[in-house]
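# Structural features, examined
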Amino acid sequence: MNDKYYLVLAGGVGAAKFIKGLANVIDPALLKIVINTGDDIELFGLKMCPDIDIITYTLANIVDKEKGWGFQDETFNCLSILKNYYGFEWFNAGDKDLATHIYRTDLFKKGFNKSEITSIICEKFGIKSQLIPMCNEDVQTFITTDSKKMHFEEYFIKYHCEPKVIDVQFQGIKKARPVNNILDYIKKAKKILICPSNPIVSIGTILGVKGIRESLKNVKQKVIAISPIIEGETVQGPADKLMKCFGIEVSCVGVAKHYREIIGHFIIDKKDCKLKSEIEKLDIHTYCFDTMMVTLEKKKELAQFAIDIIT
Ligand code: GDP
């Protein structure tokens with residue numbers, strides 16, 4: 001017997017657009033959102049969880065809508081002094097955002113774990129959905145490029161994803177265990193929605209947490225994914241480069257093949273509809289829809305389309 005809630009697997013900016021749509025077409029209290037923590041980083045002595053914060057600020061309606069991350073109406077006074085103290089220039093944390101990192105770090109010091117802290121912060125913002133970090137253990141993504149090995153955030157922000165990627169390592173992933181009841185939630189969810197997030201460093205990291213991939217395989221007929229790749233390109237971010245590095249074809253077909261064991265349904269962009277039959281040969285029900293979530297209306301339409309799929 002399935003429960004009423006929807007389980008969502010999410011990264012950051014791509015996921016947040018879709019989740020914004022979902023939260024506008026169904027009761028947000030019906031959403032349990034498992035979020036990638038592989039981008040987490042400690043800087044200036046502060047614990048930062050970029051993807052959790054993006055989803056939190058989005059659902060709290062305080063996100064910078066243009067950038068898709070950080071607070072709206074943000075200032076960067078504290079960062080200008082931190083740059084002077086620490087001597088590096090690349091991390092963009094605004095004053096309000098830093099307050100979240102200070103509070104989170106303080107709660108860690110008081111003995112709370114990541115999932116408890118996430119719930120506390122969500123409660124402060126009045127968020128009705130349940131936000132669940134994929135694990136409480138520390139997982140950090142490192143990118144080996146042709147020049148050096150660096151944290152994913154450095155590759156992403158400082159180097160704008162420009163250096164050639166040689167390898168990706170998920171440090172700590174072997175020890176990562178699914179938070180709370182994630183495996184039970186997978187079993188009982190009405191439907192499971194995989195956001196149009198980076199298949200390697202957002203969704204791939206979640207799937208790397210012990211038991212999650214196996215549990216999804218058992219219920220794949222109720223798992224619906226949305227392609228983050230449209231006409232062979234990413235909408236934003238380095239998914240294309242990372243997919244290439246893993247030998248995955250950069251197309252919605254490549255994403256479908258990558259997810260084939262764990263999904264029963266796949267939404268591709270209408271511009272890729274000519275590839276529908278190729279994906280259906282993989283035994284995946286495939287749907288064409290406008291997946292470019294440029295306005296709230298588009299986000300809502302895609303969300304409604306996804307939850308209406310009969311699984
Ligand atoms: P990040 O952790 O902030 O990079 O965010 P995600 O992993 O959640 O999302 C990154 C992915 O979202 C990229 O591969 C983009 O191609 C995809 N994406 C962003 N906006 C859209 C959109 O409007 N439509 C679709 N289909 N994909 C999108």
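Going by the structure above, here's the rest.
Being a predicted model, the structure only gives us computed values, none of them experimental. (Residues numbered from 1 in each chain as written. Predicted model: local features only at pLDDT ≥ 70, side-chain atom pairs only at ≥ 80, totals over all residues. Heavy atoms only, no water.)

This part covers the overall build of the chain. A count of helices and strands for the chain gives 13 helices and 14 strands. Against the 2.2 N^0.38 benchmark of 19 Å for 311 residues, the chain shows a C-alpha radius of gyration of 19 Å, consistent with a compact globule. Based on the C-alpha atoms only, the size of the chain along its principal axes is roughly 55 × 45 × 40 Å. The buried share of the chain, taken over its 311 residues, is 55%. Counting contacts in the chain only where the partners sit at least 6 residues apart, residues at least 24 apart contribute 67% of the total. Accessible surface, the chain as shown: approximately 13800 Å² in total, 51% of it carbon and sulfur. With 43 positive and 40 negative side-chain charges, the chain shows a separation of 4 Å between the mean positions of the two kinds. (Helix = DSSP H or I, 4+ residues; strand = E, 2+ residues; numbered from the N terminus. Rg over C-alpha atoms; globule rule 2.2 N^0.38 Å. Buried < 20%, exposed > 50% of the residue type's maximum accessible area, 1.4 Å probe, protein only. Contact = heavy atoms within 4.5 Å. Areas by Shrake-Rupley, 256 points an atom, 1.4 Å probe, with all protein chains shown as cover. Lys, Arg positive; Asp, Glu negative; His and termini not counted. Charge placed at Lys NZ, Arg CZ, Asp CG, Glu CD.)

Extensive coverage of helix α11 (residues 252-259) is indicated by the burial of 6 of its 8 residues. Burial in α11 covers these residues: Cys 252, Val 253, Gly 254, Val 255, Ala 256 and Tyr 259. One side-chain oxygen of the residue at the start of α11 lies 3.1 Å from the amide nitrogen of Val 253, identifying that residue as Ser 251. (Polar contact = N/O pair within 3.5 Å; in protein donor to acceptor, adjacent residues only side chain to side chain.)

Let us look at the pattern of salt bridges. A pair can form between side chains of opposite charge whenever their charged atoms are brought close. Within this structure, the stated rule accounts for 15 salt bridges. Three or more residues are tied together by salt bridges with common partners; here these are Lys 270, Asp 290, Lys 298 and Glu 301. (Salt bridge = Lys/Arg side-chain N within 4 Å of Asp/Glu carboxyl O.)

With that settled, the discussion passes to the site of the ligand. Around the ligand, the structure places 22 residues, and the nearest of them are Ser 197, Ser 202, Pro 228, Val 235 and Thr 291. Here an oxygen atom of the ligand sits 2.9 Å away from a polar atom, N or O, in the main chain of Val 13. Across the complex, the protein chains shield 98% of the 590 Å² of accessible surface that the ligand would expose by itself. When residues in the shell around the ligand are grouped by element, the largest group, 4 residues, is from helix α1 (residues 13-25). Tallied by class, residues from the shell around the ligand come to 9 nonpolar, 10 polar and 3 charged. (Near = heavy atom within 4 Å. Nonpolar A, V, L, I, M, F, W, Y, C, P; charged D, E, K, R; others polar.)

A few words now on the packing of aromatic side chains. In the structure shown here, the tally under the stated rule is 10 aromatic pairs. Here Trp 90 and Phe 91 contribute two aromatic rings whose centre-to-centre distance is 5.7 Å and whose plane-to-plane angle is 80 degrees, an arrangement assigned as edge-to-face. In this structure, Trp 90 and Phe 91 share a single accessibility class: buried. Pairing Phe 152 with Tyr 155 gives two aromatic rings, centres 6.2 Å apart and planes at 45 degrees, and the pair type is tilted. On the criterion of helical spacing, the pair formed by Phe 152 and Tyr 155 is a turn pair, its members being 3 residues apart in helix α6 (residues 152-158). (Phe/Tyr/Trp six-rings, centres within 6.5 Å; stacked < 30°, edge-to-face > 60°.)

Moving on, we come to the sheet that holds strand β8 (residues 165-171). Taken in spatial order, the 3 strands of this open sheet run β7-β6-β8, and their pairing is antiparallel. In the strand order of this sheet, the two ends are held by β7 (149-151) and β8, each with one partner. Across the sheet, the mean angle from the axis of one strand to that of its neighbour is 25 degrees, orientation sign disregarded. Pairing between strand β6 (residues 140-145) and β8: 6 bridges, direction antiparallel. (Pairing = 2+ DSSP bridges. Axes fitted to C-alpha atoms, helices over the stretch in contact; angles between N-to-C directions.)

Geometric values such as these leave the question of function open.
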